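# Summary of structural features
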2 protein chains.
Amino acid sequence: MMKVTAAGLIALAWILPGMALAQNVQPNPPVKAIIEAALKDDRAYAFTRDLTTDIGPRLAGTQAEARARDWAVARLTQEGFSNARIETFPLTAWERVHESAAIVGPHAQRLEVHATGGSPSTPAGGLEGEVVRFADMAALRAAAPGSLYGKIAFVDDIMPVTKDGSGYGTAVVKRRECSAVAAERGAIGCLIRSAGTSEREVHVGQGARGQQGVLPVLILANADANQLGRVLAKGPTRVRMEVETKVQPAAQSGNVIAEMRGTERPDDYVVLACHLDSWDLGTGALDDGVGCGIVTAAARLVADVAGPPKRSIRIIYFGAEEVGLIGAAAHANAMKDKAASYVLAAESDSGDGRIYQVDFGFGAATETAKAAIATALQPLGVARRGDNARGQSDISALRPLGVPVMDLQQDASKYFSIHHTPDDILEKVDVESVRQNVAVYALVAWFGAWTTLDFRAQ
Amino acid sequence: MMKVTAAGLIALAWILPGMALAQNVQPNPPVKAIIEAALKDDRAYAFTRDLTTDIGPRLAGTQAEARARDWAVARLTQEGFSNARIETFPLTAWERVHESAAIVGPHAQRLEVHATGGSPSTPAGGLEGEVVRFADMAALRAAAPGSLYGKIAFVDDIMPVTKDGSGYGTAVVKRRECSAVAAERGAIGCLIRSAGTSEREVHVGQGARGQQGVLPVLILANADANQLGRVLAKGPTRVRMEVETKVQPAAQSGNVIAEMRGTERPDDYVVLACHLDSWDLGTGALDDGVGCGIVTAAARLVADVAGPPKRSIRIIYFGAEEVGLIGAAAHANAMKDKAASYVLAAESDSGDGRIYQVDFGFGAATETAKAAIATALQPLGVARRGDNARGQSDISALRPLGVPVMDLQQDASKYFSIHHTPDDILEKVDVESVRQNVAVYALVAWFGAWTTLDFRAQ
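Everything quoted here is computed from the prediction, not taken from an experiment. (Residues numbered from 1 in each chain as written. Chains lettered and ligands numbered in written order. Predicted model: local features only at pLDDT ≥ 70, side-chain atom pairs only at ≥ 80, totals over all residues. Heavy atoms only, no water.)

## A few points about the UniProt feature "domain: Peptidase M28" (unreviewed entry) in chain A
Under the local residue numbering, the UniProt record ascribes the feature "domain: Peptidase M28" (unreviewed entry) to residues 255-441 of chain A. Taken end to end, residues 255-441 of chain A is 29% helix and 25% strand, and its first and last C-alpha atoms sit 20 Å apart. (UniProt positions renumbered as here; feature names shortened; annotations may be inferred. Helix = DSSP H or I, 4+ residues; strand = E, 2+ residues; numbered from the N terminus.)

## Re the relation of the copies chain A and chain B
Overlaying chain A on chain B yields an RMSD of 0.0 Å, the required transformation being a rotation through 180 degrees with an accompanying axial translation of 0.0 Å. What the rotation and shift describe, once combined, is the action of a two-fold rotation axis. Among all C-alpha atoms of chain A, that of E201 of chain A lies closest to the rotation axis, at 4.9 Å. With an isologous cut-off of 70% or more, the 100% of interface residues of chain A that recur at the interface of chain B puts this contact in the isologous class. (Least-squares fit on C-alpha atoms with pLDDT ≥ 70 in both. Contact = heavy atoms within 4.5 Å.)

## A word on unusual backbone geometry
The omega torsion across D287 of chain A and D288 of chain A is 10 degrees, close enough to zero to call that bond cis. By the element assignment, D288 of chain A lies in helix α9 (residues 285-306). One non-glycine residue, H420 of chain A, adopts positive backbone phi at about 65 degrees. Along the chain, H420 of chain A turns up in the loop between β14 (405-410) and α12 (431-449). For H420 of chain A, a relative accessible area of 7% gives the class buried. Backbone geometry places A320 of chain B, a non-glycine residue, at a positive phi of 50 degrees. Along the chain, A320 of chain B falls in the loop between β10 (311-318) and α10 (326-334). Taking relative accessible area as the criterion, A320 of chain B reaches 0% and is therefore assigned buried. (Buried < 20%, exposed > 50% of the residue type's maximum accessible area, 1.4 Å probe, protein only.)

## Digging into the side chain of D224 of chain A
All names here are of chain A. Secondary-structure assignment places D224 in helix α8 (residues 222-232). On the basis of relative accessibility, which here comes to 5%, the residue D224 falls in the buried class. Within the structure, the side chain of D224 is placed 2.4 Å from the side chain of R200, a separation counted as a polar contact. (Polar contact = N/O pair within 3.5 Å; in protein donor to acceptor, adjacent residues only side chain to side chain.)

## Observations concerning the side chain of R300 of chain A
Residues and elements named next belong to chain A. Looking at the element boundaries, R300 is found in helix α9. Overall, the relative accessible area of 17% leaves R300 in the buried class. With sequence-adjacent residues up to four places away left out, R300 is seen in contact with R43, E79, G80, F81 and M260.

## What to know about the interface of chain A and chain B
Facing 32 residues of chain A, the contacting portion of chain B comprises 32 residues. Buried surface at the junction of chain A and chain B, both sides included, amounts to about 2,400 Å², of which 39% is carbon and sulfur. Among the residues of chain A in contact with chain B, T53, R200 and E427 of chain A are the three that bury the most area, contributing 24% of the side total. Across the pair E427 of chain B and R230 of chain A runs a salt bridge, and its minimum N-O distance is 3.2 Å. Linking chain A with chain B are 24 residue pairs in polar contact (both at pLDDT 80 or more). Going through the elements one at a time, α3 (43-54), β2 (109-111) and α8 of chain A are the ones with two or more residues in the side of chain A that touches chain B. (Buried area = accessible area lost by both parts, 1.4 Å probe. Salt bridge = Lys/Arg side-chain N within 4 Å of Asp/Glu carboxyl O.)

## A closer look at the environment of L380 of chain B
Tracing the backbone shows L380 of chain B in the loop between α11 (367-377) and β13 (383-384). L380 of chain B sits 26 residues away from R354 of chain B along the chain, and the two C-alpha atoms are 9.1 Å apart.

## Quick look at the pairing of strand β8 (residues 238-260) of chain B
Residues and elements named next belong to chain B. As defined by bridge partners, strand β1 (residues 82-104) adjoins β8 across 19 bridges and the pair is classed as antiparallel. Each residue of the ladder has a partner; that of E99, found in β8, is V243. Looking at chain direction, strand β4 (residues 127-134) and β8 are connected through 4 bridges and run antiparallel. Residue pairing for β8: G129 is matched across the bridge by V239. Direction of pairing for β8 relative to β10: antiparallel, over a ladder of 5 bridges. Bridge pairing links M260 to I313 in β10. (Pairing = 2+ DSSP bridges.)

## A word on the environment of A372 of chain A
For A372 of chain A, the location among the structural elements is in helix α11 (residues 367-377). The spacing of A372 of chain A and P29 of chain A is 343 residues in sequence and 9.4 Å in space, taken between C-alpha atoms.

## Overview of helix α12 (residues 431-449) of chain B
When the terminal C-alpha atoms of α12 of chain B are compared, their 26 Å separation across 19 residues agrees well with the 27 Å that a helix rising 1.5 Å per residue should span. Between the side-chain oxygen at the start of α12 of chain B and the backbone nitrogen of E432 of chain B there is a gap of 3.0 Å, and the oxygen is on D430 of chain B. (Expected span 1.5 Å × (residues − 1).)

Now the structure itself:
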């Protein structure tokens, strides 16, 4: 449900024209018109529908990701953006072939598992060992060297459901570290509880960033981790696991970039970003098809309402985000001497949840601009928080270059039960909530590209 | 939430003792005591937890089903039932090895599929063909002979969500008939939309009863059927499908039977039934572990409240229900000359949903007994409907032998999104609702075995 009330819009119409916006700002931001247009615009949903249908899953470095780039260039061109192009970079691409795990012995049964990104294969025919459960990575780290010789480590900490998704950072530690830490203690494999909040769907994700793991690592759905725990409570338990994966060291990924040219300061860019790659089990609808839909629709929508921008808008669909922000690093490297041309950057990469909070990562002397933006976002239910924005996802690689950023925090209550699972599909997209996101990014785009506000000002 | 109110129980305590129950009925059924005990009894849940943990999936004819029978004999003995034993019967057992399907060509992507029970394998390496969509089986039947030569038929009708699960009978037709009908028209394979209401989980189930299909049949999750439909809307679409299954013609299944001996009429039996086998993707928690837990707990509970029964209670956990009521047929055949000893039969095989309605399948001169039972069930929210009960699941094979039956209709709103899918696991069991079911079956057990009412009376 949208929470924009008529009263809220009227109040806003009174507030904003009266505000003393410093610098060269249009005196009357078309906030009401932008919000009204966004709340009935379904281009972001249509974009997500078409990307997930035409391409489906888009794992970094695969042919599907390459098809998605071509698709995106065509789509951006069709949507009226200029100079749509691909910025390529090399990638060691990893793909799953198959994986399975089963409890053997008196409680024999299959477990629902998927390998972590980067997991090596087991020896052909699989491996089998007694399972040793650890409550979390700290408990595994405390295990003595050699104590897991010939065994399988099972790290079982649970990610809590929260609005801000704050448990995710802790939950993913086991995905990144189990392999190395368990190997040091003599283990032959890792089983880890899903770092996501879905009961039944396995939440996959990259293991150790930028490197192949030492041990094969299988992720158990939460319900299957429960089940393994119940069986372990009955006595010693052996599990058989089999993983086959493949690596293509000479693969390629790429970022897709396009512009809407500014009329007054065409060499100043407002960057609106998302990422095009996805995990391989769902169709990457929430992560991050919808994010690309949101930023693309938002830019189009402001141009519809307010005409051409003063500054250029640069849309970037990053590649290879999921496997370690590889596209972001490539782009930041390409931009390192030209970062001053980026006047503002924001990324949409938390699915379709409503945006409820904004953090700024601007210069010290930008209070007027921040106040104006925060006031405009208020009727959409977005509260101003702090000044510690570091740039979400790929944009985080631009912040160290001095690029002003905004973090638009979305309600993640649902996101982490869908994110990185087979459930990340079009059917999960909440059209109403997406419209609110488009409205927010459209207002951000307006303040960034239809004014000449300085967000770096110290 | 239970809807048994204190006021309801008090009202009932007034009504029942005053009722003129015909025949040899205890004048004061311990309705209040049974309900109160059931609503805090978790033996049905514990049974389900232990069965699904100790054994897990129990596909008919497999070693897992055999382990489940041994487990059940031990459990029934431990619960105080006597003469726990296995009634074996031969079975042609079918198992899945693996299956996959993918859209090929410009929209290449994997589809989430599982084979129907009884589906044959594709040729090694799989098969590929253009997909032809049919809105339902009637549309496929209307296709001209030869019109599907070399193609894959896709039958796409959707099962609606209803409280009484009434759409299921229609939805499963395609699962049973696509193979034969499509083959007659020249097709090389079938894709069918899941006959269940889950968006993402494939609802599996038996194809043509008691026979291997002609064509390989893959079931698409509802979301994947949507996806295939969206891709088909863009133009001709080819799908590659691969199925490997195996058949063991000389396998065996069995029914597990045990008794609680009656003190006055030990050769009269009240049959409380469920089935022990399950589909292979989940752990058969709702279908039908919980049903076995419910009837077992119900019988134990009445004995706790009211002492030993007058008639014997026979608990039957049928085998091989899922693949065509094979255990039911074997048992009905074994009982065909002794069916008069079965004075009443009921089965719990619709999961954990609240019971909201009762149908009787009794003789004509049983109004007093029906009224007494219906009145006792009323405070649990169970309404009396009609006299057309045919016996649910396995018990339906006893009705033609003249056995009086009761159909206890459960709210199936949730059941058909879990039933036959990988989601049929312990985590889905609603403890409160299960307690209500135990209360209902306990009251049925009381009227059946702690009285000598004649439910056959004409």
